[in-house]
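Secondary and tertiary structure notes
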Amino acid sequence: MLLNVSPNGRIIACLLINLLSSICIVFINKWIYMHYGFPNMTLTLIHFVVTWLGLYICQKMDMFSPKRLPIRKIVLLALSFCGFVAFTNLSLQNNSIGTYQLAKTMTTPVIIIIQTTYYKKTFSTKIKLTLVPITLGVILNSYYDVRFNLLGTVFATLGVLVTSLYQVWVGAKQHELQVNSMQLLYYQAPLSSAFLLAIIPFSEPLSGDGGIFGPWSLAALATVLFSGVIAFLVNLSIYWIIGNTSPVTYNMFGHFKFCITLVGGYLLFHDPLSLNQALGILCTLAGILSYTHFKLVEQEEGKNRLAQRP
């Protein structure tokens, strides 16, 4: 698994895998919801079960060695994943698409606040300023679709907080427990599945059209299973990227994926793309490119300082 590639090469390869799989799963899930009406939380549960099965196969193929972890050390990580899924779904359900996307952009500054306050991590002014064009770009994308309501705002706020905690903890737990992305996800996936399994009967119908045990066609089940395989690549690459870079870098990359998804929706599903959205995409990309440039410069300066030490 990318063992003979340089560290920068591995990061680029994983970013590319995450980019392709993340965009792919958005369109596959959209197809599943549009054409089959498969329940959302159940689909997420299937994704995590398939992720664990994929990791089990990888372990049997000696791609990694499982490391015994105390459940109490990862229970908050597993719960935060369930909260992240539940609150982002409720935010999407109770808000317009624009409000939902605008709320998601707040994840990056919240992550910076959490890491600065609780993990004593420092960020340069240049890095913080790159948030301005990114946020402005998403506002331009969402401007005509932002409609705030009290319940939607509560769910959006909770979604941002829990998502930020989840992404910070993914990286922190890998370093704290001295495990790689596969070893951590191998334990977290089944635990999150168990929590989701307890929630689903109260949130989705069990039978009938659109129910968990509804009359699903073979094509629907095959598409759902395929989306699970793609989700395995998404989940694994998320853990790897955060563990080897940072939650902020992953979030910046997420904004880039958002722009690509908008363009993909326009090209594949003929979704409308206004001038404001096009300007917003360019503005967001400018912020991401600025962040990448400043981050690379800081890394190079750090290497030079280390090299100059006696």
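Quick caveat, the model's predicted, so the values are computed rather than measured.

Time to look at the side chain of S181. Within the element layout of this structure, S181 appears in helix α9 (residues 181-203). A residue is classified by how much of its surface remains accessible, and S181, at 5% relative accessible area, is buried. What S181 contacts, discounting residues up to four positions off in sequence, is Q174, L236, Y239 and W240.

This structure, assessed with the given rule, holds seven aromatic pairs. Relative to Y166, the ring of F81 has its centre 5.8 Å away and its plane inclined at 50°; by these criteria the two rings are tilted. Taken together, the residues span a long stretch of sequence, with F81 in helix α3 (residues 71-94) and Y166 in helix α8 (residues 150-176) at a distance of 85 residues. Of the two residues, F81 and Y166, neither departs from the other in class, the shared state being buried. An aromatic cluster of at least three residues, connected via ring pairs, comprises W52, Y56, F64, Y186 and Y187.

This paragraph deals with helix α5 (residues 107-118). Residues separated by three or four positions in an α-helix point in the same direction, a consequence of the helix having 3.6 residues per turn. The end-to-end C-alpha separation of α5 is 16 Å, in line with the 16 Å expected for twelve residues at 1.5 Å each. Residues of α5 that are buried: T107, T108, P109, V110, I111, I112, I114 and Q115. One or two residues past the end of α5 sits K120, with phi positive at roughly 55°.

According to the stated counting rule, one finds two salt bridges in the structure shown. E176 is the partner of K73 in a salt bridge, and the nearest nitrogen-oxygen pair spans 3.6 Å. Here K73 is found in helix α3, whereas its partner E176 is found in helix α8, with 103 residues between them in sequence. Exposure remark for K73: the relative accessible area of 29% places this residue in the partly exposed category. For the salt bridge of E176 with K173, the shortest nitrogen-to-oxygen distance reads 3.4 Å. Of this pair, E176 and K173 both sit in helix α8, three residues apart, roughly one helical turn. For E176, a relative accessible area of 44% puts it in the partly exposed group. Accessibility expressed as a relative area gives 15% for K173, which makes it buried. Connected through shared salt-bridge partners, K73, K173 and E176 make up one network.

A positive phi is found at D62, a non-glycine position, where the angle reads about 65°. Position of D62 among the secondary structure elements: in the loop between α2 (40-60) and α3.

Below, the discussion takes up a nonpolar patch on the surface. A grouping of Y56, I57, M61 and M63 is seen on the molecular surface, where their side chains present a nonpolar patch of about 390 Å² in accessible area. When you line up the elements, Y56 lands in helix α2. Judged by relative accessible area, Y56 falls into the partly exposed class, the value being 34%.

The next subject is the UniProt feature "transmembrane region" (unreviewed entry) in the protein chain. Within the UniProt annotation, "transmembrane region" (unreviewed entry) is assigned to residues 12-32, 38-58, 70-91, 150-172, 184-203, 215-241, 248-269 and 275-294. The span residues 184-203 is 100% helix and 0% strand, and its two end C-alpha atoms sit 28 Å from each other. Between the C-alpha atoms that bound residues 275-294 the distance is 29 Å, and the span itself is 100% helix and 0% strand.

For the rest of this paragraph, the subject is the nonpolar core. Formed by 46 residues in total, the largest nonpolar core has its most connected members in L55, F81, L184 and Y239. When residues no more than four places from it in sequence are discounted, the contact partners of F81 are T44, F48, Y166, Q188, S192 and L196. The next biggest cluster of nonpolar side chains, apart from the first, holds 16 residues, and it includes V110, I111, I127 and A156.

What counts, and where the lines are drawn
- Residues numbered from 1 in each chain as written.
- Predicted model: local features only at pLDDT ≥ 70, side-chain atom pairs only at ≥ 80, totals over all residues.
- Heavy atoms only, no water.
- Helix = DSSP H or I, 4+ residues; strand = E, 2+ residues; numbered from the N terminus.
- Buried < 20%, exposed > 50% of the residue type's maximum accessible area, 1.4 Å probe, protein only.
- Contact = heavy atoms within 4.5 Å.
- Phe/Tyr/Trp six-rings, centres within 6.5 Å; stacked < 30°, edge-to-face > 60°.
- Expected span 1.5 Å × (residues − 1).
- Salt bridge = Lys/Arg side-chain N within 4 Å of Asp/Glu carboxyl O.
- Patch = residues over 30% accessible without salt bridge, like charges linked within 9 Å, V, L, I, M, F, W, Y side chains within 5 Å.
- Areas by Shrake-Rupley, 256 points an atom, 1.4 Å probe, with all protein chains shown as cover.
- UniProt positions renumbered as here; feature names shortened; annotations may be inferred.
- Core = buried A, V, L, I, M, F, W, Y, C linked by side-chain atoms within 4.5 Å.

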